[in-house]
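Commentary on secondary and tertiary structure
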Amino acid sequence: QVQLVESGGGLVQAGGSLRLSCAASGRTFSTYTAGWFRQAPGKERDFVAAITWNTGSTYYADSVKGRFTISRDNAKNTVYLQMNSLKPEDTAVYYCAVRGPRVGVSNKASDYAYWGQGTQVTVSS
């Protein structure tokens, strides 16, 4: 029902910034809570940030609080992840995901039904 395409990944030096974008299909995007997850080689897929469908409330993993900002533009069917002060430990494939319609935020990957293909973020030291 919903297709997601991430973009904006790349190689950046420690301390730098990147902005990831996730473009969604469908007219019902505004009713879906959206999240970002990341997965490093040999690691579990970890929660990064989420934004609710109704209030736009945001939630962050402790590891990225104060550095990352999630936002959404429902008119453009797009969710963003602004990443500042990047660290080598942020290196991972970043995935956009949504759940809904009309459900609350979750930090569990299994609660999200629709996923993008992922975009690689590499932070060098």
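So, a few notes on the structure that sits alongside this text.

Conventions adopted
Counting from 1, residues in each chain are numbered in the order their sequence is written. For this predicted model, a pLDDT threshold of at least 70 governs which residues receive local features, and a threshold of 80 or more governs which side-chain atom pairs are given and counted, while totals over whole chains, interfaces and linings are taken from all residues. Water and hydrogen atoms play no part in the side-chain values, which are based on all heavy atoms of the structure. Note on conventions: DSSP H or I runs of at least 4 residues are helices, E runs of at least 2 residues are strands, and numbering of each starts at the N terminus. Exposure classes here rest on a 1.4 Å probe applied to the protein chains alone. A residue is buried below 20% of its type maximum, exposed above 50%, and partly exposed in between. Throughout, a residue-residue contact means that at least one pair of heavy atoms, one from each residue, lies within 4.5 Å. Methods summary: accessible areas were calculated by the Shrake-Rupley approach with a probe of 1.4 Å, and residue burial reflects only the protein chains presented. Between Lys or Arg on one side and Asp or Glu on the other, a salt bridge is scored when a side-chain nitrogen of the former is within 4 Å of a carboxyl oxygen of the latter. Strands are labelled as partners when DSSP assigns at least two bridges between them. Throughout, an axis means a line fitted to C-alpha atoms (over the contacting stretch in the case of helices), and angles, computed between N-to-C directions, take values from 0 to 180 degrees. Working definition: a disulfide is two cysteine sulfur atoms within 2.5 Å of each other. Here, nonpolar core means buried Ala, Val, Leu, Ile, Met, Phe, Trp, Tyr and Cys residues that are tied together by side-chain atoms lying within 4.5 Å of each other. We define a polar contact as two N or O atoms separated by no more than 3.5 Å, with the added condition that, inside protein, one atom must be a possible hydrogen donor and the other a possible acceptor, whereas residues neighbouring each other in sequence contribute only through side-chain atom pairs.

A few words on the overall build of the chain. Scanning the chain for helices and strands turns up zero helices and 11 strands. Secondary structure elements of the chain occur, N-terminal to C-terminal, as β-β-β-β-β-β-β-β-β-β-β. In terms of its C-alpha atoms, the chain occupies a principal-axis envelope of roughly 40 × 25 × 25 Å. Counting across all 125 residues of the chain, residues that qualify as buried make up 43%. Long-range contacts, defined here as pairs at least 24 residues apart, represent 59% of the contacts in the chain between residues at least 6 apart. With an accessible surface of roughly 6300 Å², the chain has 45% of that area assigned to carbon and sulfur atoms.

Under the defined criterion, the tally for this structure stands at three salt bridges. One continuous salt-bridge network, built from bridges that share partners, spans Arg-38, Arg-67 and Asp-90.

The sheet built from four strands is open, its strands ordered β1-β3-β8-β7 with antiparallel pairing. Since the sheet does not close on itself, it has two edges, and those belong to β1 (4–7) and β7 (68–73), each with one partner. Neighbour to neighbour, the strand axes of the sheet diverge by 15° on average, direction disregarded. One ladder, built from six bridges, connects strand β3 (residues 18–24) with strand β8 (residues 78–83); its direction is antiparallel. By the bridge assignment, Cys-22 is partnered in β8 with Val-79.

Let us now look at the state of the cysteines. One pass over the full model with this rule turns up one disulfide. Shown here is the disulfide that connects Cys-22 with Cys-96, its sulfur atoms set 2.2 Å apart. Because the sign of the S-S torsion sets the handedness, a value of about -85° for the bond joining Cys-22 and Cys-96 places this disulfide among the left-handed ones. Of this pair, Cys-22 sits in strand β3 while Cys-96 is found in strand β9 (residues 92–99), placing the two residues 74 residues apart along the sequence. With relative accessibility at 1%, the residue Cys-22 sits in the buried group.

Right, let's get into the nonpolar core. With 33 residues, the main nonpolar core has Trp-36, Val-48, Phe-68, Val-79, Leu-81, Met-83 and Tyr-94 as its most contacted residues. Those residues in contact with Val-48 that lie beyond four places of it in its chain are Trp-36, Phe-37, Arg-38, Tyr-59, Tyr-60, Ala-61, Val-64, Phe-68, Leu-81 and Tyr-94.

Moving on: the side chain of Thr-78. By the secondary structure assignment, Thr-78 is in strand β8. Reaching out from Thr-78, the side chain makes a polar contact with the backbone oxygen of Lys-76 at a distance of 2.8 Å. Excluding anything up to four places from it in sequence, Thr-78 contacts Ser-21, Cys-22, Ala-23, Phe-29, Ser-71, Arg-72 and Asp-73.

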